[in-house]
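# Chain and residue survey
Take a look at the letters that make up each chain.
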Amino acid sequence: MSQKELDCRGLPCPQPVLQVKEALEQGASHLEVLVDNEASSKNVQRLAGRMGHLVQVEQVAADCYRLSIAAQESRVNSGAHPHAEEFHCDVPVPDEQGGLVYVISADTMGRGNDELGWALLQTYVQTIVKVDPLPEAVILYNSGVRLVTTESGALEALRDLQAGGVEILVCGTCLDFYQLKSAIQVGQISNMFAIMDATVRAAKVVSPL
């Protein structure tokens, strides 16, 4: 076992997560990780938690977070530490271990009139909370990220879902592309690693056409 420091400032998502994962898999007993944005901080925390390790977070500057990750002995020494393929869940998972995930990748539902498609999509999201079972996560990327911004009529429904324990994962790269990061009202800014992890672990993925 060893101690290691990782300076992941300036790295695009999901590189901080991938570097931390590699270091833990190589047997690091303690990691000190620096990242320069909240999204990377939260995603590294989520990764370490799923791998069974302890994490402490300190915001050392306006644009700098220090994460101290202590690898648990039972995970490091017993052979239980996951390999990459195990963490990505490439092996099929029984339905009872998975859950339902909604993926919304556009700001319209169906083809034809965009204004109608936007109205239909908002109604679609408002209906999710009324249908059993509730999903484990709602993932939004590309122009679908408009649903979590000030212009959306589905904010109340998304807040209700989040309050009910549903993860609302919003693509940070997409928010940047559409210049909407300052308009986000609900959900957590995420990256491609977290999006892939959520969809691979899901028993069922549903997307409006």
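What you are looking at is a predicted structure, and each value in this text was computed from that prediction instead of being measured. (Residues numbered from 1 in each chain as written. Predicted model: local features only at pLDDT ≥ 70, side-chain atom pairs only at ≥ 80, totals over all residues. Heavy atoms only, no water.)

### Topic: the pattern of salt bridges
- All told, the structure shown has 9 salt bridges when counted by the stated rule.
- Between E25 and K21 there is a salt bridge, with the nearest N and O atoms lying 3.0 Å from each other. Taken together, the positions of E25 and K21, both in helix α1 (residues 15–25) and 4 residues apart, correspond to about one turn of that helix.
- For E25, a relative accessible area of 29% gives the class partly exposed.
- K21 sits in the buried class, given a relative accessible area of 5%.
- Across the pair E167 and R46 runs a salt bridge whose closest N-O atoms are separated by 3.6 Å. With E167 in strand β7 (residues 167–171) and R46 in helix α2 (residues 38–50), this residue pair connects regions lying 121 residues apart in the sequence.
- Relative accessible area serves as the criterion here: at 26%, E167 is assigned to the partly exposed category.
- Assessed through its relative accessible area of 17%, R46 is described here as buried. (Salt bridge = Lys/Arg side-chain N within 4 Å of Asp/Glu carboxyl O. Helix = DSSP H or I, 4+ residues; strand = E, 2+ residues; numbered from the N terminus. Buried < 20%, exposed > 50% of the residue type's maximum accessible area, 1.4 Å probe, protein only.)

### Here's the deal with helix α6 (residues 155–163)
- Looking at α6, one finds that the buried residues are L155, A157, L158 and L161. End-on, the buried residues of α6 take up no more than an arc of 160°, which puts them together on one face. The outward face of α6, more than 90 degrees from its buried face, is lined by the exposed residues E156 and A163.
- Lining the buried residues of α6 we find α5 (114–128), β6 (137–140) and β7. (Arc of directions from axis to C-beta. Contact = heavy atoms within 4.5 Å.)

### Digging into the environment of V206
- With respect to the helices and strands, the residue V206 is situated in strand β9 (residues 204–206).
- On a C-alpha basis, the gap between V206 and V138 in space is 9.5 Å, while along the polypeptide they are 68 residues apart.
- Residues in contact with V206, not counting those within four places in the same chain, are L100, V101, Y102, V103 and Y124.

### Some remarks on the packing of α2 against helix α8 (residues 192–201)
- Where α2 contacts α8, the two axes come as close as 10 Å, and the packing angle between them is 40°. If you check the angle between α2 and α8, you find them oblique. On α8, the residues that touch N43, R46, L47 and R50 of α2 are F193, A194, D197 and R201. (Axes fitted to C-alpha atoms, helices over the stretch in contact; angles between N-to-C directions. Parallel < 35°, antiparallel > 145°, perpendicular 65-115°, else oblique.)

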